[in-house]
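Architecture and fold: a report
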Amino acid sequence: MTRNKWVGVLMAASLAVSLSACGTAAPEAKPASGGAAAETKAAEPAKTAAPEKTTKTIKYLGKEYTVPAKTDRIVITGALEAMEDAMVLGVKPVGGITIGGKFPPMFDSISQGVESIGEKTQPNVETILKLKPDVILGTTKFPADVAEKLGKVGPLIQISHISTDWEANLRLLGELSGKQAEAEKALAKYKEDAKAAKEKLSGSLKDKKVVIVRVRQGSINVYPETVFLNPSLYTDLGLTVPEEIKQAKAQQVISLEKFSEINPDYLFVQFSEDENKDNPKAMEDLQKNPIWQNIKAVKDGKVFVNVIDPLAQGGTAWSKMKFLEAALPKLSN
């Protein structure tokens, strides 16, 4: 083959290779890992957490109250019952009741650093407003206009001053403070202790008259069987209710002469100087009086003055627990 023919053959082969390369399709590119899935996922709407509840509903004595979901800032005004419940549960309010501008010593365990919001019957609305309360615990003794003013400051729950509502009162504070378990434990312990005490006293006090009085404004006051500390005696301990107590319809002033006719075998007296400012020696005067000295409990040395703090409200968990603890040894002798 001549040289010119070889050159032609080589050129034809080279051209064929070049055309072949140009006609070959490029390999299909693989999608980046997770590309399609990522696009699909991105297209889906993002799932958001359910919003936290900002309020909750509290049920108390047949009524419902709407309060913030977290009620850390509790103000107690008017309701010394709530102050006593706070001691049982170890709850420190941001604001509380003072007497004569000070917190009574009985509230030492919960009053350190607490703001005074005024007296029991004269709450300072401006001070309460500054405290930004989550909930305000007032009292059912508040006049309508006072309750209305406080209700504009924050959620207001008026605490019952009725002795038989003591369990509901403690449970309410337990729910507000997140201490429901502590409240139930305290209630269960008291009922267990009271049951044991009732069994212990059932024989020795069967025919005995046991009475509690309160000396206020220099006068002797008796109470119905369901008021003050009387439920502790006549319901919890099962003691006989004297006829004179059955006849009382409310707190009732009784003359010393009339009281001597009851002639109790055991007598508990609550006397506070704060409640007898016009007659601070009222208790001393009673003890010197011949009529008083002729009462059976006095003659037998069975009169017990202030076995619990004289400011105790009586119909609260704290009052009942302290009274049972203090009175049982007295009644056992």
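Before going into details, it helps to say that this report is about the structure given with it. (Residues numbered from 1 in each chain as written. Predicted model: local features only at pLDDT ≥ 70, side-chain atom pairs only at ≥ 80, totals over all residues. Heavy atoms only, no water.)

A word on the sheet that holds strand β11 (residues 219–222)
Overall, mixed pairing links the five strands, which are arranged β12-β11-β10-β13-β14 in an open sheet. Lying at the two open borders of the sheet, with one neighbouring strand each, are β12 (252–254) and β14 (303–305). For this sheet, the mean inter-axis angle between neighbouring strands, taken without regard to orientation, is 35°. Sheet topology places β11 next to β12; three bridges connect them, and they run antiparallel. In the sheet register, V222 faces β12, and the bridge partner there is Q252. On top of the sheet, helix α15 (residues 317–331) reaches β10 (210–216), β13 (266–271) and β14; it is set at about 145° to β13, its chief contact. (Pairing = 2+ DSSP bridges. Helix = DSSP H or I, 4+ residues; strand = E, 2+ residues; numbered from the N terminus. Axes fitted to C-alpha atoms, helices over the stretch in contact; angles between N-to-C directions. Contact = heavy atoms within 4.5 Å.)

Some details on the pairing of strand β1 (residues 55–60)
Strand direction decides the pairing type here: β1 and strand β2 (residues 63–68), joined by six bridges, are antiparallel. What sits directly across from T55, in β2, is P68. Adjacent in sequence and paired antiparallel, β1 and β2 are bridged by two residues, among which L61 carries a positive phi angle near 50°.

What about the pattern of salt bridges?
Throughout the structure, instances matching the rule amount to twelve salt bridges. Of the charged contacts, one joins R216 and E275 as a salt bridge, the two residues approaching to 3.0 Å between their closest N and O atoms. Here R216 is found in strand β10, whereas its partner E275 is found in the loop between β13 and α12 (282–288), with 59 residues between them in sequence. Here K320 makes a salt bridge to D236, at a shortest N to O gap of 2.7 Å. Of the two residues, K320 sits in helix α15 while D236 sits in helix α9 (residues 230–236), which places them 84 residues apart along the sequence. You'll find K320 and D236 in the same group, each marked buried. The network of salt bridges with common partners includes E167, R171, E184 and K191. (Salt bridge = Lys/Arg side-chain N within 4 Å of Asp/Glu carboxyl O. Buried < 20%, exposed > 50% of the residue type's maximum accessible area, 1.4 Å probe, protein only.)

Concerning the pairing of strand β9 (residues 156–159)
Bridge count for strand β8 (residues 135–139) against β9 is four bridges, and the pairing is parallel. Residue pairing across strands places T139 opposite I159, the latter belonging to β9. One crossover worth recording links β8 to the parallel β9 by way of helix α6 (residues 144–153), and it is right-handed. (Right-handed = clockwise from strand over helix to strand, strands pointing away.)

Notes on α6
Within the span of α6, buried status applies to V146, A147, L150 and V153. When α6 is viewed along its axis, its buried side chains cluster within an angular range of 110° and face the same direction. Exposed positions of α6 whose direction lies more than 90 degrees from the buried face are A144, K149 and K152. Looking at the packing, one finds that the buried side of α6 touches β7 (122–123), α5 (125–130), β8 and β9. (Arc of directions from axis to C-beta.)

Comments concerning the side chain of K302
One can find K302 in the loop between α14 (296–299) and β14. The buried charged residue K302 lacks any salt bridge partner; its closest oppositely charged side chain belongs to D300, at an N-O distance of 7.5 Å. With residues near it in sequence (within four places) discarded, K302 still touches D265, Y266, L267, A297 and N333. (Lys, Arg positive; Asp, Glu negative; His and termini not counted.)

Examining the environment of K258
Locating K258 in the fold gives a position in helix α11 (residues 256–262). Owing to a relative accessible area of 46%, K258 belongs among the partly exposed residues under this scheme.

What about the packing of aromatic side chains?
In the structure shown here, the tally under the stated rule is five aromatic pairs. Between W166 and Y190, the ring centres sit 5.5 Å apart and the planes meet at 80°, which makes this aromatic pair edge-to-face. One end of the pair, W166, is in helix α7 (residues 166–177); the other, Y190, is in helix α8 (residues 180–201), with 24 residues separating them in the sequence. Residues W166 and Y190 agree in their burial class; the two are buried. On the basis of an interplanar angle of 35° and a centroid distance of 4.9 Å, the ring pair of Y223 and F228 is categorised as tilted. Summarising the burial analysis for this pair, Y223 and F228 share the class buried. Grouped by ring-pair contacts, the aromatic residues F268, F304 and F323 constitute a single cluster. Over the aromatic face of W166 sits the side chain of K320, whose NZ or CZ is 4.9 Å from the ring centroid. (Phe/Tyr/Trp six-rings, centres within 6.5 Å; stacked < 30°, edge-to-face > 60°. Lys NZ or Arg CZ within 6 Å of the ring centre and 35° of its normal.)

Re the layout of surface pockets
Volume-wise, the largest pocket comes out at about 520 Å³. Lining the largest pocket are 23 residues, and of these K120, K141, R214, R216 and Q313 sit closest to its centre. Secondary-structure elements contributing two or more residues to the lining of the largest pocket are α3 (80–89) and β10. Of the residues contributing to the lining of the largest pocket, the split by class is seven nonpolar, eight polar and eight charged. The space that makes up the second largest pocket amounts to roughly 220 Å³. Surrounding the second largest pocket, A186, K189, Y190, D193, W318, M321, K322, L324 and E325 form its lining. Broken down by element, the residue count for the lining of the second largest pocket peaks at five residues, all from α15. Class assignment of the residues belonging to the lining of the second largest pocket gives a composition of five nonpolar, no polar and four charged. (1 Å grid on protein atoms, 1.4 Å probe; cavity = no way out; pocket = protein on both sides within 12 Å on 5 of 7 lines; lining within 4 Å. Points joined across faces, edges and corners; volume = space filled by probe spheres on them. Nonpolar A, V, L, I, M, F, W, Y, C, P; charged D, E, K, R; others polar.)

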